[in-house]
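Per-entry structural report
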Amino acid sequence: MKFRALMQDPLYMKEFQAIVATLTKLAKDCVMILGSRQMHFIVNEDQSSSASPLVWAGIAAEEYFPEYRMEAAHPEQEYIVLGVSSANLGRALSVLRGGGVNSCKLKLQRIQFPCISVIASVLTSSSTEAREVVHDVPVTIIPCSDWSAYVVPRVPPSQLALGLPSLRLLKSLIDKLKNISPSLEFQANLDGELNVIATSEMSTVTSRFQKLLIRTVAGSQREASCSVDSRKASAFFGALQLPNEELSIGIDREHSIHLQIDVRQDVVLHSILPAVCM
Amino acid sequence: MADVEPSPYGDCKFVARVEHIKTLTQAIKSICFNDYGMLQVSEDGLRITVEQGKSIQATLFMPPGAFMEFRVQDFQCFGLKMNVLSECLNLFGSADCSLRMMYKDKGDPLRIILYPHDDDDVSTECAIKTMDCDEPIDYDQNLKDPDLNVIFVRGPNLSKVFHELEKSAEEFEFVTSPNRPHFKITTVGIMQAVFSVEVAKTSPMMMMFNCKQTVVARYKSQQIRITNKAMQSATKVAIKTNSVGLLELHLVMQGDSQEEIFIQFFIIPLLNTD
């Protein structure tokens, strides 16, 4: 079993760190699925948390890693699946947040325990020589027999998906709306309008977003709506550490809401908020 | 701003628009000391009254001139929850918004729509449940006396004076008089320490001083402190008291576009029990 990857671009290193930092805010533990050409991170895959949503990130290896090599435990296997503490991994990558990092290597090793070594080459202001900052992040190697529990979630089919150019206002609204009602109804229609509705005994609050881009239309109906847990929705937005403003919202009527942030081509953050009864 | 409804004002008994909600939001926050508020609208303007027992009352008043648009049919009066109203005005945080208010008829919700100035494609509407309206106590009639003590003070200065007073004290004693001390507030704190602030009528903090009689009265400090939030945003305050010490604090809050919102507090004095 071998895994080794190298990052050298300062922008990509910052983005990679921001993705992991986002996951750190969502859950204590995280699953890493290392494929031959793609890397996935998943949090809350069993949806057992009532407060934190299912979130996963898919990263095409060639986007961030000029060097990327994965060899599974057995030749027929396609992945290495690891369990890791998001906090530990986040801490190890935090050095990438500031500038002055030449490169960052990720290496699967077994020292006294299996771990991912995060080796950052940092330029110090005082000397021209780079120094190495090493964090050995313990991992659990998940055997092939358990992989069925750690499958990359499938993007649910949306009857209607809209593109929100800036998630800033939606994020701060949801942060307030969660105190008004435990559930939020998202309504999208073919006029490019999104309504987010919180209903309580004393008030009904309807937030309207207009002139949104229509990303997906399936079926003949003009509108689609779904109610979700407001705390989960707020947790997703509250966790975001990425600079991206654009957000895609897809509604699978009565089933779920799919949130998608395209960090860049082939680097995508997803979340699924399941439907709740109003 | 996008007009979403086909005929916005057709069947509404009250319709109003405010260009910048900052001052109104501050004013409402400053009178949220109790949950139930009484809203009264007439040709004279909009009034929102909050009371706590028979000891303190605050009324926010916005004349028609403070609105971009103000239209009302007859006299409308209903109750609502103040924290819901305040929450609604804060939905876009500190972002500058304009507001539209609509009320159809008795039993219907008060609809408030916020439009952030920096984003034309977003708006939020709150439909706030209304309740039957109680009649607020009329304290004004007790302060029509020609022998009233009236003092006009600069708002931020008075706020500072209140702030300097002993925080642990349960009662404040106010003295207003044509003779010295012209204006004095005394508190008795823990360990019976006496602390007082005295302001002469010649102080630059005084904009007008017209006291006809010496009035000494005590008030619960908790109630005086209720006026704090409003005091900090006020440009000027009129302090009025009659011979029994009924205290009126009438404040003016001024918005950036010079629109004025008034808040009137009435505080009942503590009666001597000896």
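All values reported here derive from a predicted model rather than from experimental measurement. (Residues numbered from 1 in each chain as written. Chains lettered and ligands numbered in written order. Predicted model: local features only at pLDDT ≥ 70, side-chain atom pairs only at ≥ 80, totals over all residues. Heavy atoms only, no water.)

Attention now goes to the domain arrangement of chain B. Residue and element names in this part refer to chain B. You can read the domains of chain B as domain 1 (14–131) and domain 2 (142–267). Relative placement of domain 1 and domain 2: their C-alpha centres are 27 Å apart. If you look at the interface, domain 1 gives 20 residues, while domain 2 gives 19 residues. For the domain 1 and domain 2 pair, buried surface summed over both sides reaches about 1,700 Å², with 60% attributable to carbon and sulfur atoms. Looking at the side of domain 1 facing domain 2, the largest losses of area belong to Thr 23, Ser 30 and Ile 56, adding up to 29% of the total buried there. The interface formed by domain 1 and domain 2 includes zero salt bridges. Here domain 1 is connected to domain 2 by four residue pairs in polar contact (both at pLDDT 80 or more). If you list the elements that add at least two residues to the side of domain 1 that touches domain 2, you get α1 (22–30) and β4 (56–62). No other element matches the seven residues that β4 contributes to the side of domain 1 that touches domain 2. The residue makeup of the side of domain 1 that touches domain 2, split by class, is 11 nonpolar, eight polar and one charged. (Domains from an automatic or database assignment. Contact = heavy atoms within 4.5 Å. Buried area = accessible area lost by both parts, 1.4 Å probe. Salt bridge = Lys/Arg side-chain N within 4 Å of Asp/Glu carboxyl O. Polar contact = N/O pair within 3.5 Å; in protein donor to acceptor, adjacent residues only side chain to side chain. Helix = DSSP H or I, 4+ residues; strand = E, 2+ residues; numbered from the N terminus. Nonpolar A, V, L, I, M, F, W, Y, C, P; charged D, E, K, R; others polar.)

Moving on to the environment of Ala 16 of chain B. Residues and elements named next belong to chain B. The residue Ala 16 is located in strand β1 (residues 14–18) in this model. When its relative accessible area of 0% is taken as the criterion, Ala 16 is described as buried. Sequence-wise, Ala 16 and Phe 70 are 54 residues apart; in three dimensions their C-alpha atoms are separated by 4.4 Å. Other than its neighbours up to four places away in sequence, Ala 16 contacts Phe 67, Glu 69, Phe 70, Leu 99, Arg 100 and Met 101. (Buried < 20%, exposed > 50% of the residue type's maximum accessible area, 1.4 Å probe, protein only.)

Residues and elements named next belong to chain A. Counting buried positions along helix α5 (residues 230–239) gives seven out of 10 residues, so the element sits mostly inside the fold. Buried residues of α5: Ser 230, Lys 232, Ala 233, Ser 234, Phe 236, Phe 237 and Ala 239, and no others. Capping the start of α5, Asp 229 holds a side-chain oxygen 2.8 Å from the backbone nitrogen of Arg 231, two or three residues further along.

Our focus in this paragraph is the environment of Lys 25 of chain A. All names here are of chain A. One can find Lys 25 in helix α1 (residues 10–26). Residue Lys 25 is classed as exposed on the basis of its relative accessible area of 56%. Taking the C-alpha atoms as reference, Lys 25 lies 20 Å from Asn 179; in sequence the two are 154 residues apart.

Across the seven residues that make up strand β9 (residues 122–128) of chain B, a large majority, seven, are buried. Note that strand β13 (residues 203–209) of chain A and β9 of chain B share seven bridges and pair antiparallel. Its bridge partner being in β9 of chain B, Arg 208 of chain A is matched across the sheet by Ser 123 of chain B. For strand β8 (residues 110–116) of chain B and β9 of chain B, the ladder comprises five bridges, and the chain directions are antiparallel. Directly across from Ile 113 of chain B, in β9 of chain B, lies its bridge partner Glu 125 of chain B. Between the end of β8 of chain B and the start of β9 of chain B, which pair antiparallel, lie five residues. (Pairing = 2+ DSSP bridges.)

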